[in-house]
Amino acid sequence: MSDQPKSHFERFLAPILASRFFTISALIHLVIVILIGGRVLFNKYVEPPDFQSAGDSVSADLPPAPPDTPDNTLPPAPTLAAPPPPSTSAPAANLAALTSLNTTNSAFAMPVPAIAPPTLSKNMNAPTSAAVAGTGPAVALPGAMSGRGNGRESVGRSYGEKGQSEEAVLRALRWLQSKQNGDGTWGQGEYHDAWTGLALLCFLGHGDIPQTSHEFGVVVTNALNAMITEGNAHQGRFSGTDNFGGTPAAYMHAICTYALCEAYTMTKDQRLAPLVQQSMKYIIQGQRPDGGWAYSYDLGPDVGGKVKSDTSVSGWQIQALKAAHLTGISPMDKDVLPVFAKAIKNMDRVFDEKNGTFGYRTAGDNHPYLTGVGVLAKLYWFGRPDRTVREGFKTIESKDLNYRGPDCNLYAWYYDTQAAFQAQSGHWDWWNQRFQDQLTNNQSSDGSWPPTDGNDIGSFAKSSDDQGALYRTTLCCLMLEVFYRYLPTTQESALSGNVEGL
């Protein structure tokens, strides 16, 4: 080794060489830091952000799309678009005026705000417990109707609804959507008012209104416009004419009035309020002295001991009365309550003490399939079972349910389902164990229900045409919606005559 003194450079280099591995590692880390820092700065100042502003074509505030459904199980949606509101002046007396509706676009682009979930309270005298939010002020629903809409799944489950039942309802609504006419109505001929009212009730029962329904808002809009047009054309009558001639007239008018009342309660569409009052006037004035209603709202005296009041006709008037009460329209409501009280007296008149049935026109006239009408009416009014209700349920539960059997009667089942749900307790347990499977297992793949072999009222249950399918499908759909359409009040104390149940 040389003893010569080291230069300044050699003295500087010596420690670096002695720790060369540390030095190399430091240099590598420095390069890595420089590369990563450069990438971050590049992203910040050069690349666009991963969201779009509220003014762009896609907004973070848009509501979620409706759930997908396999295309091979559902009919295609119609191409109805929301039409402009009709004139409030009386239009021509022909529904053909509605054919000017725009049918070029099936999209429904109205903003859909969030809906507050309902409070599961059976106290129908409690404050309103659900709100339907639209483009205007929130619409508060009566407690009885608070199970509809956004919270219906949780409400349904709490009362024993099965998942396949809600799926069946959606298939039925999509089938009804595919069958809606271009003018917003359903069906053809003299019964089109009945099918239009029943179909609209199905959509409203599901909570579908123009302000909140992605999938069915346009359907409801067009149906309401059609009914407003017809109602204005016939001074609030819904029988296809300017009078109530013909057997089905009182049925059709009550069904349409029922639907209009629900629509007003759920939307507060001010075009509906005067029409609701006008159509209800005919029901109120059409009540017979004994408290019932007859074909064509006949007010003539009974002749030769033949009573004209008809329990079947009366059942639809009573449902319309209940829906009218829930609208909260005070000038009309003060007239509704005494009419309803008188209607209950008529149900007592036709009750048969011997066999626990509610008769067709008199007690014991052998119409057991109308017992549900009387039972439901009594539960609506009193809010709890009385002796006649308990006896009526013995008749209702005396035969098992079989859609394919000779005793199938969808008309009776419609009333029995609502009656059992309102009664709750063992009556609902017995019914609920049977009716859901009978309906869901027999639904056709297109969403409608096939003809039955039972002894149903009228011929529609057995008919294979669209009118028969509309009859069966609307009744079955309304039955499966029972879990949230109108919450039961029978667990509460007596309502002292207040109409709060429906």
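Residues numbered from 1 in each chain as written. Predicted model: local features only at pLDDT ≥ 70, side-chain atom pairs only at ≥ 80, totals over all residues. Heavy atoms only, no water.

## Here we look at the packing of helix 14 (residues 425-440) against helix 15 (residues 466-480)
(1) Moving on: Orientation of helix 14 relative to helix 15, taken along the N-to-C sense of each, is 140°, at an axis distance of 11 Å. Overall, the two elements helix 14 and helix 15 adopt an arrangement that is oblique. In the packing of helix 14 onto helix 15, the handedness of the crossing is left-handed. Side by side, helix 14 and helix 15 meet where Phe 435, Gln 436, Leu 439 and Thr 440 of the first sit next to Cys 476, Met 479 and Leu 480 of the second.
(2) Moving on: Here the residues of the contact of helix 14 with helix 15 are counted per class, giving 5 nonpolar, 2 polar and no charged. (Axes fitted to C-alpha atoms, helices over the stretch in contact; angles between N-to-C directions. Helix = DSSP H or I, 4+ residues; strand = E, 2+ residues; numbered from the N terminus. Parallel < 35°, antiparallel > 145°, perpendicular 65-115°, else oblique. Left-handed = near helix turned anticlockwise from the far one by under 90°. Contact = heavy atoms within 4.5 Å. Nonpolar A, V, L, I, M, F, W, Y, C, P; charged D, E, K, R; others polar.)

## Description of unusual backbone geometry
(1) Moving on: Phi is positive for Lys 268, which is not a glycine, with a value near 55°.
(2) Moving on: With respect to the element layout, Lys 268 can be found in the loop between helix 7 (249-267) and helix 8 (273-285).
(3) Moving on: Unusually for a residue other than glycine, Tyr 297 sits at a positive phi of about 55°.
(4) Moving on: Along the polypeptide, Tyr 297 turns up in the loop between helix 8 and helix 9 (311-327).

## A short note on the nonpolar core
(1) Moving on: Counting 119 residues, the largest nonpolar core has Met 280, Trp 316 and Phe 435 as the members making the most contacts within it.
(2) Moving on: In contact with Trp 316, not counting residues within four places along its chain, are Leu 198, Tyr 251, Ala 254, Ile 255, Tyr 258, Tyr 411, Tyr 414 and Tyr 415. (Core = buried A, V, L, I, M, F, W, Y, C linked by side-chain atoms within 4.5 Å. Buried < 20%, exposed > 50% of the residue type's maximum accessible area, 1.4 Å probe, protein only.)

## So, the packing of aromatic side chains
Each aromatic ring pair is summarised here by two numbers: the centre-to-centre distance and the angle between the ring planes.
(1) Moving on: Using the criterion set out here, one finds 23 aromatic pairs in the structure.
(2) Moving on: Between Phe 421 and Phe 483, the ring centres sit 6.5 Å apart and the planes meet at 70°, which makes this aromatic pair edge-to-face. Here Phe 483 lies in helix 16 (residues 482-485) and Phe 421 lies in helix 13 (residues 410-423), a separation of 62 residues in the sequence.
(3) Moving on: We classify Phe 483 as buried; its relative accessible area is 0%.
(4) Moving on: Here the aromatic residues Tyr 159, Phe 421, Trp 428, Phe 435 and Phe 483 are joined through ring pairs into a cluster of three or more.
(5) Moving on: Across the ring face of Tyr 486, the terminal group of Arg 148 is positioned such that the distance to the ring centre comes to 4.7 Å.
(6) Moving on: Directly above the aromatic system of Tyr 282 lies the positively charged group of Lys 281, at a separation of 5.1 Å from the ring centroid. (Phe/Tyr/Trp six-rings, centres within 6.5 Å; stacked < 30°, edge-to-face > 60°. Lys NZ or Arg CZ within 6 Å of the ring centre and 35° of its normal.)

## A look at the environment of Gly 151
(1) Moving on: In this fold, Gly 151 is placed in the loop between strand 2 (139-141) and helix 3 (152-158).
(2) Moving on: For Gly 151, a relative accessible area of 7% gives the class buried.
(3) Moving on: Sequence separation between Gly 151 and Tyr 484 is 333 residues; the distance between their C-alpha atoms is 8.8 Å.

What is shown is where atoms sit, not what they do.
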